[in-house]
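One letter stands for each residue in the lines below.
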Amino acid sequence: MKFTPVALLLVAAAAAGSTDTTSGHAVSQSLGATSGAARGKYLVTVFGCGDCHTPLKMGPQGPSPDLNRALSGHPEQMGALRMPRLEQPYLWAGAATNTAFAGPWGISYAANLTADQNTGLGIWTEEMFVKALRTGKHMATARPILPPMPWQALGQATDDDLNAIYAYLRTVKPITNHVPDAQIPDQD
Ligand code: HEC
């Protein structure tokens, strides 16, 4: 099997994303925590939420997570994107930031998970957050949550773990970043 250097870079960047969202020190410190924001920080790190919710930016070493925009979702400045033309056997594509994903579901944009009141999880209650991940419904009641958001797996975490993730996200620096609405193809 052959990998292009670009593919390798992206894989490396995705792997780095899982650890760079927080320092290794902080993670090992919070390992013992079973609940609360410290536990949530650990879970957000090991579940790799930042891989999709923190935009990658290009630097001298290749793409790396833009920690000034940690967990703030698809950058507003990039806006809504056009559907790419895909050739077989490719079924889906991701933007360079790894925050926008085009596939049979349309185009999905990673949400702003910071506590910003208007553009992030500011108005979300803990109940909404847990219910959204458990049911796969946008804001717990509306349209289905689209791929590649792995709610099917994350929704199986315990109540304590989901509550801890929510508690941690409330402590993340609020960033005002209005993520575009998902573009869903007409069903006909
Ligand atoms: C593989 C990429 C990926 C990973 C990993 C990921 N997400 Fe997401 N997430 C997305 C995308 C894309 C959306 C937007 C989906 C949509 O618009 O339907 C999203 C949406 C969300 C939403 C909003 C759901 C709604 O009601 O609209 C929440 C909350 C969320 N993610 C939390 C998390 C948390 C917490 C983690 C880690 C435990 C995580 N995500 C990991 C890609 C990801």
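Caption draft 1: Local environment of the nonpolar core. Leu-113, Phe-129, Ile-165 and Leu-169 are the most contacted members of the largest nonpolar core, which totals 26 residues. At the level of elements, α4 (49-53), β4 (100-103), β5 (106-109), α5 (126-135) and α7 (159-169) are the ones that each hand at least two residues to this core. Here this core gets six residues from one element, more than from any other, and that element is α7. For Phe-129, the contacting residues outside a window of four places in its chain are Leu-121, Trp-124 and Tyr-166.

Caption draft 2: Up close: the site of the ligand. Surrounding the ligand, one finds 24 residues, the nearest of these being Phe-47, Cys-49, Cys-52, Leu-146 and Met-149. For the shell around the ligand, the secondary-structure elements that each account for two or more residues are α4 and β5. With four residues, α4 is the single largest residue contributor to the shell around the ligand. When the residues that make up the shell around the ligand are grouped by side-chain class, the tally is 19 nonpolar, four polar and one charged.

Rules and cut-offs
- Numbering of residues starts from 1 in each chain and follows the order in which that chain's sequence is written.
- Where totals are concerned, whole chains, interfaces and linings use all residues; where local detail is concerned, this predicted model gives features only for residues with pLDDT of at least 70, and gives and counts side-chain atom pairs only at 80 or more.
- To form a nonpolar core, buried Ala, Val, Leu, Ile, Met, Phe, Trp, Tyr and Cys residues must be joined through C-beta atoms within 7 Å.
- Put plainly, a residue is buried at 20 or more neighbouring C-beta atoms within 10 Å of its own, exposed at 12 or fewer, and partly exposed in between, counting only other residues' C-beta atoms, which are placed from the backbone.
- A run of DSSP states H or I qualifies as a helix once it reaches four residues; a run of E qualifies as a strand once it reaches two. Both are numbered from the N-terminal end.
- For every residue pair, C-beta atoms are placed from the backbone, and the pair is scored as a contact if these atoms sit within 7 Å.
- Residues are classed as near a molecule or strand if the C-beta position derived from their backbone is within 6 Å of it.
- The nonpolar class holds Ala, Val, Leu, Ile, Met, Phe, Trp, Tyr, Cys and Pro. Asp, Glu, Lys and Arg form the charged class, and all remaining residues, Gly among them, are polar.

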